[in-house]
Amino acid sequence: MTSNHTDCHYCLQSLRGRKYALRDENAYCVACYDNLFANPCEECKQPIECNSKDLAYKGRHWHEGCFKCAKCSRSLVEKPFAAKDELLLCTECYSNEYSSKCFHCQKTIMPGSRKMEFKGSSWHESCFVCQYCRQPLGTKPLITKDNENYCVPCFEKQFAHHCYSCKKVITSGGVTYHDQPWHKECFVCAGCKTQLSGQRFISKDEYPYCVDCFSKLYAKKCTACKKPITALGGAKFISFEERQWHGECFNCARCSVSLVGQGFLTRQDDVLCHECGPA
């Protein structure tokens, strides 16, 4: 441009009929302006003179011809781009090098597009849908089966078991008893209501009982020690004429020798070995 200013603010040479540049309301000849104020180009390291377009990004500057993708060298002028480790990349190169791949379609998730993260994998928002109804899952509760995601209503409709006790859906875990599914918290002793999952229990008339309740309610009493005989874990017991004994309690009433596997005699309510019996 030509100027009505008379002299360059720096070298004091006349500006009449010459191009000049303004900075802070002061006029400079082109040479002085470039020497004093021109930014160095990030690419070629040469000053960006006042007659060149200065493209800036985060405090760094480029000539228009130098503002290009660091990988494929295509111009980035008026095009979307991304920065990685101070390098400028076109969206295609950035995607190929750094962008996540969609777990569902295996295509690149382009920079700037919305993606969903789930179990360490990335998804296009449009790919993150219920496998059954195809509706977007977004941040809704979901259930995964065989690497496929389902909204809760669809999962319950397709796969879920209903608890034999409370009739509600079992979404995870659970216990199978007599070929019926139960919530762990619903699988309780029919007597004291203590949870039985992971505990020893005894079945009676299709109902589960903890050992204590079964012993109190149903177990026969040992004739000798009067304690319940549960036979839990394969413990041996002896039965004779509607009387029962723990294996370790089935002893001669006089000499206390074990009668398990031995012949014995009875006298009133006592059992006796062959030596004590005749006496």
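Conventions we followed
- Residues numbered from 1 in each chain as written.
- Predicted model: local features only at pLDDT ≥ 70, side-chain atom pairs only at ≥ 80, totals over all residues.
- Heavy atoms only, no water.
- UniProt positions renumbered as here; feature names shortened; annotations may be inferred.
- Helix = DSSP H or I, 4+ residues; strand = E, 2+ residues; numbered from the N terminus.
- Rg over C-alpha atoms; globule rule 2.2 N^0.38 Å.
- Buried < 20%, exposed > 50% of the residue type's maximum accessible area, 1.4 Å probe, protein only.
- Contact = heavy atoms within 4.5 Å.
- Areas by Shrake-Rupley, 256 points an atom, 1.4 Å probe, with all protein chains shown as cover.
- Lys, Arg positive; Asp, Glu negative; His and termini not counted.
- Charge placed at Lys NZ, Arg CZ, Asp CG, Glu CD.
- Salt bridge = Lys/Arg side-chain N within 4 Å of Asp/Glu carboxyl O.
- Domains from an automatic or database assignment.
- Polar contact = N/O pair within 3.5 Å; in protein donor to acceptor, adjacent residues only side chain to side chain.
- Pairing = 2+ DSSP bridges.
- pLDDT = per-residue confidence, 0-100.

In the annotation of an unreviewed UniProt entry, the protein is listed under the name Four and a half LIM domains protein 5 and assigned to Psophia crepitans. Under the Subcellular location (unreviewed entry) heading, UniProt states for the protein: "Nucleus". Reading the Function (unreviewed entry) entry of the UniProt record for the protein gives the comment "May be involved in the regulation of spermatogenesis. Stimulates CREM transcriptional activity in a phosphorylation-independent manner."

**Student:** Where do I start with the overall build of the protein in this structure?
**Tutor:** The number of helices and strands found in the protein is four helices and 22 strands. Relative to its length of 279 residues, the protein is extended, with a C-alpha radius of gyration of 45 Å against a globular reference of 19 Å. By its C-alpha atoms, the protein is 150 × 45 × 35 Å across when sized along the principal axes. Expressed as a percentage of its 279 residues, the buried residues of the protein come to 33%. Considering only intrachain contacts with a sequence separation of at least 6, the fraction spanning at least 24 residues in the protein is 11%. Carbon and sulfur atoms provide 46% of the accessible area of the protein, an area that totals close to 18,600 Å². Between the centroid of the 37 positive side chains of the protein and the centroid of its 30 negative side chains there is a distance of 5 Å.

**Student:** Would you take a moment to explain the pattern of salt bridges for this structure?
**Tutor:** Any two side chains of opposite charge can pair, so long as their charged atoms come close to each other. The tally for this structure, following the rule as stated, stands at five salt bridges. With a closest N to O distance of 3.9 Å, R60 and E42 form a salt bridge. Taken together, the residues span a long stretch of sequence, with R60 in strand β4 (residues 60-63) and E42 in the loop between α1 (30-37) and β3 (54-57) at a distance of 18 residues. Under the relative-accessibility criterion, R60 is labelled buried at 17%. Overall, the relative accessible area of 31% leaves E42 in the partly exposed class. Across the salt bridge formed by R74 and E92, the nearest N and O atoms sit 3.2 Å from each other. Separated by 18 residues along the polypeptide, R74 in the loop between β4 and β5 (81-84) and E92 in helix α2 (residues 91-98) bring together distant segments of the chain. By relative accessible area, which is 45% here, E92 ends up partly exposed.

**Student:** Looking at this structure, how should I read the domain arrangement of the protein?
**Tutor:** Interface size is often expressed as the accessible area that is lost when the parts come together. The assigned domain composition of the protein is domain 1 (20-96), domain 2 (99-159), domain 3 (174-217) and domain 4 (221-273). Each of domain 2 and domain 4 was reduced to a C-alpha centroid, and the two centroids are 66 Å apart.

**Student:** What is the right way to read unusual backbone geometry from this model?
**Tutor:** Trans is the common state for peptide bonds, and a negative phi is the common state for residues other than glycine. For E86, which is not a glycine, the phi torsion comes out positive at approximately 70 degrees. When its relative accessible area of 64% is taken as the criterion, E86 is described as exposed. Even without being a glycine, N147 presents a positive backbone phi close to 65 degrees.

**Student:** Which parts of the structure should I look at to understand the environment of Q131?
**Tutor:** With respect to the element layout, Q131 can be found in the loop between β8 (121-124) and β9 (142-145). In this structure, the C-alpha to C-alpha distance between Q131 and C69, residues 62 residues apart in sequence, is 39 Å. Beyond its immediate stretch of four places on either side in the chain, Q131 contacts E148, N149 and Y150. One polar contact links Q131 to R134, side chain to side chain, over a distance of 3.4 Å.

**Student:** Help me understand the pairing of strand β19 (residues 237-240) in this model?
**Tutor:** Look at any regular strand and the pattern is simple: side chains alternate between the two faces of the sheet. Summarising the sheet, β19 and strand β20 (residues 243-246) pair through four bridges and their orientation is antiparallel. Across the sheet, the residue bridging to F237 is H246, located in β20. Where β19 folds back on β20, the antiparallel hairpin that results is connected by two residues, among which E241 adopts a positive phi of roughly 50 degrees.

**Student:** Help me out: how do you make sense of the side chain of D34 in this one?
**Tutor:** Its place among the elements puts D34 in helix α1. With no salt bridge to any partner, buried D34 finds its closest opposite charge in R23, at an N-O distance of 10 Å. If sequence neighbours within four positions are ignored, D34 has contacts with E49 and C50.

**Student:** What's the story with the UniProt feature "domain: LIM zinc-binding" (unreviewed entry) in the protein in this structure? I'm lost.
**Tutor:** Within this structure's numbering, the places UniProt gives as "domain: LIM zinc-binding" (unreviewed entry) are residues 39-99, 100-161 and 220-279. The straight-line gap between the two end C-alpha atoms of residues 39-99 is 32 Å; of that span, 13% is helix and 26% is strand.

**Student:** How should I be thinking about the confidence of the model for the protein in this particular structure?
**Tutor:** Parts of the prediction with low pLDDT should not have their coordinates interpreted in detail. With 95% of its residues at a pLDDT of 70 or more, the protein shows a mean pLDDT of 84. Across the protein, the secondary-structure element scoring lowest on mean pLDDT is strand β18 (residues 228-229), at 78, and the one scoring highest is β4, at 92.

**Student:** Just to check I follow, could you spell out the environment of F250 for this structure?
**Tutor:** Position of F250 relative to the elements: it lies in the loop between β20 and β21 (265-267). Note on F250: relative accessible area 2%, which makes it buried. Along the chain, F250 and C225 lie 25 residues apart, while their C-alpha atoms are 9.8 Å from each other. Look past the residues within four positions of F250 in its chain and what remains in contact with it is I238, W245, V257, S258, L259, V260, F264 and V271.

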